[in-house]
Amino acid sequence: MGAQGQDRWARSGVRLRRVSQREGRWNWLFVPGGPGLGSESVLGLARAADVPGTVWLVDLPGDGSNRGMPEVPDHPYERWPDVLAEAAQALDEVVMVGHSTGGMFILSVPELEEQLVGMVLVSSAPHAGWRPSFARWAEAHPIRGLDTAARDYARDPNDETLRTLTLAAAPWNFTPEGLAAGRAALEDLAYCHDAVAWADAHFDDTYQARWKPHNRLPALIVSGAEDHVVDQRLWQDDDAFDQPRVLQRTIDGAGHFPWIENPQAVRKAFADLTDLLDGDTR
């Protein structure tokens, strides 16, 4: 794996950005949702988690600001999301954390089952069944001005129209109390419409988890109680996600980005997983 400052690239162009390091054996890899938002979108989650060990933000090749780099191939989406396996292989004692679509990417790479020592799925889902549910909810909860932003993006899909559309849809992602902070967190992200187009064409509608936690893998499923984007009831339909080593935590007063409204509860959820990981190493 190549390195430049705090950044490291896997052979396929996956970028790992080290953002913190403290005592602890684990490497925590935070995979953003979207796609198209870039790893900066989970920096707040990484800070709220406050985990022991080394924390890395992950950008797949061609996502976020991981574009135009010599380490990124000309056709970066050809191996999405399988390239996550290279990121896990690059480090020891890896706990992979995926937000929303990032969690779905993790569950779409079977090789990760034997590579990870732990996993966190934040506001994510086991299959694409969340999409029709969200579509119905969104239709019943229209946002003023969103139709205009959606038309502008459809007519001219680019990074700036994607930013405008995402900010217009912010009320669906946050509680009213968290909306201002949520908008601020979304404002300056490295938006990438090409990644959105790839997911729309090749992933979103057909997504189905290709592996599930085995009885040795500590895992955490965490979501906001007010998350109206990804239906968290879907986890209850699969016994593989209902076992003692799969912790499920609901964050009160929080939406699709639960660390925005209730970072303390998110930190407690990660601490519960860390206790489980600690038990494996004693």
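Everything below is about the structure shown above.
Fair warning: this is a prediction, and the values are worked out from it, not measured in the lab. (Residues numbered from 1 in each chain as written. Predicted model: local features only at pLDDT ≥ 70, side-chain atom pairs only at ≥ 80, totals over all residues. Heavy atoms only, no water.)

Enquirer: Help me out: how do you make sense of the environment of Gln115 in this one?
Expert: Mapped onto the fold, Gln115 is located in the loop between helix H3 (101–107) and strand S7 (116–122). Classification of Gln115 as partly exposed rests on a relative accessible area of 22%. C-alpha of Gln115 to C-alpha of Glu93: the two residues are 22 residues apart in sequence and 8.4 Å apart in space. (Helix = DSSP H or I, 4+ residues; strand = E, 2+ residues; numbered from the N terminus. Buried < 20%, exposed > 50% of the residue type's maximum accessible area, 1.4 Å probe, protein only.)

Enquirer: Before we go on, may I ask you to explain the side chain of Thr166 in this structure?
Expert: Tracing the backbone shows Thr166 in helix H6 (residues 159–168). A relative accessible area of 17% places Thr166 in the buried class.

Enquirer: How should I be thinking about the layout of surface pockets in this particular structure?
Expert: Where empty space is left in the structure can be found by rolling a water-sized probe over the atoms. Of the voids in this model, the largest pocket is the one considered here, and its volume is about 1000 Å³. What lines the largest pocket is a set of 30 residues, and nearest its centre among them are Gly34, Trp130, Phe134, Leu165 and Val196. With five residues, helix H4 (residues 130–140) is the largest single contributor of residues to the lining of the largest pocket. Looking at the lining of the largest pocket, its residues break down into 19 nonpolar, eight polar and three charged. Along the walls of the second largest pocket sit 20 residues, with Asp227, Val230, Asp231, Gln232 and Arg233 positioned nearest its centre. Breaking the lining of the second largest pocket down by element, the ones donating at least two residues are H4, strand S8 (219–224) and strand S9 (246–251). For the lining of the second largest pocket, the element with the highest residue contribution is H4, accounting for four residues. (1 Å grid on protein atoms, 1.4 Å probe; cavity = no way out; pocket = protein on both sides within 12 Å on 5 of 7 lines; lining within 4 Å. Points joined across faces, edges and corners; volume = space filled by probe spheres on them. Nonpolar A, V, L, I, M, F, W, Y, C, P; charged D, E, K, R; others polar.)

Enquirer: I keep staring at the pattern of salt bridges and nothing clicks. Help me out?
Expert: A side chain with one charge may pair with a side chain of the opposite charge, provided their charged atoms come close. Taken as a whole and judged by the stated rule, the model has 17 salt bridges. Residue Asp204 pairs with Arg131 through a salt bridge whose shortest N-O separation is 4.0 Å. With Asp204 in the loop between helix H8 (193–202) and S8 and Arg131 in helix H4, this residue pair connects regions lying 73 residues apart in the sequence. By relative accessible area, Asp204 is classed as buried at 14%. (Salt bridge = Lys/Arg side-chain N within 4 Å of Asp/Glu carboxyl O.)

Enquirer: Mind showing me how you'd approach the packing of helix H5 (residues 146–155) against H6 here?
Expert: Pairs of packed helices are described in terms of their axes, by the angle between the two and the distance that separates them. Look at H5 against H6: their axes get within 9 Å of each other, and the N-to-C directions meet at 160°. Judged by the inter-axis angle, H5 sits roughly antiparallel to H6. Of the two elements, H5 crosses H6, and the hand of that crossing is left-handed. Counting all contacts with H5, which are made through Leu146, Ala149, Ala150, Asp152 and Tyr153, the residues of H6 involved are Thr161, Leu162, Thr164, Leu165 and Ala168. (Axes fitted to C-alpha atoms, helices over the stretch in contact; angles between N-to-C directions. Parallel < 35°, antiparallel > 145°, perpendicular 65-115°, else oblique. Left-handed = near helix turned anticlockwise from the far one by under 90°. Contact = heavy atoms within 4.5 Å.)

Enquirer: Can you help me understand the packing of aromatic side chains in this one?
Expert: To describe a pair of aromatic rings, one takes the distance between the centres and the angle between the planes. Applying the stated rule across the entire model yields 14 aromatic pairs. Between Phe30 and Phe270, the ring centres sit 6.3 Å apart and the planes meet at 20°, which makes this aromatic pair stacked. With Phe30 in strand S4 (residues 27–31) and Phe270 in helix H10 (residues 263–281), this pair connects stretches of sequence that are 240 residues apart. By the burial criterion, Phe30 is buried, and Phe270 matches it. Taken together, the ring pairs connect Tyr77, Trp80, Phe105, Trp198, Phe203 and Tyr207 into an aromatic cluster. Over the face of the ring belonging to Trp130 we find Arg131, whose NZ or CZ atom lies 5.7 Å from the ring centre. (Phe/Tyr/Trp six-rings, centres within 6.5 Å; stacked < 30°, edge-to-face > 60°. Lys NZ or Arg CZ within 6 Å of the ring centre and 35° of its normal.)

Enquirer: Sorry if this is basic, but what is going on with H4 here?
Expert: In an α-helix, one full turn covers 3.6 residues, which means residues spaced three or four apart are oriented alike. What H4 keeps buried is the set Trp130, Ser133, Phe134 and Ala138. With its buried residues spanning 130° around the axis, H4 presents them on a single face. Across H4 from its buried face, at more than 90 degrees, point the exposed residues Arg136, Glu139 and Ala140. (Arc of directions from axis to C-beta.)

Enquirer: Would you explain unusual backbone geometry in this entry?
Expert: One can expect most non-glycine residues to show negative phi and most peptide bonds to be in trans. The peptide bond linking Gly34 to Pro35 adopts the cis configuration, its omega dihedral lying at -15°. Tracing the backbone shows Pro35 in the loop between S4 and helix H1 (43–49). Following Trp80, the chain continues into Pro81 via a peptide bond in cis, with omega recorded as -15°. Here Pro81 shows up in the loop between strand S5 (54–59) and helix H2 (84–89). For Ser123, which is not glycine, the phi torsion reads 55° and is therefore positive.

Enquirer: What exactly am I supposed to notice about the environment of Arg18 here?
Expert: Following the sequence through the fold, Arg18 ends up in strand S3 (residues 15–21). Taking relative accessible area as the criterion, Arg18 reaches 31% and is therefore assigned partly exposed. Placed 109 residues apart in sequence, Arg18 and His127 show a C-alpha to C-alpha distance of 30 Å. For Arg18, the residues in contact, after removing those within four places along its chain, are Gln6, Thr54, Val55 and Trp56.

Enquirer: What am I meant to see in the pairing of S8 here?
Expert: The element S8 is extensively covered by neighbouring structure, given that six of its six residues are classed as buried. Every second residue of S8 is oriented toward a common face, with Ala219, Ile221 and Ser223 on one face and Leu220, Val222 and Gly224 on the other, all of them buried.

The values are spatial; any link to function lies outside them.
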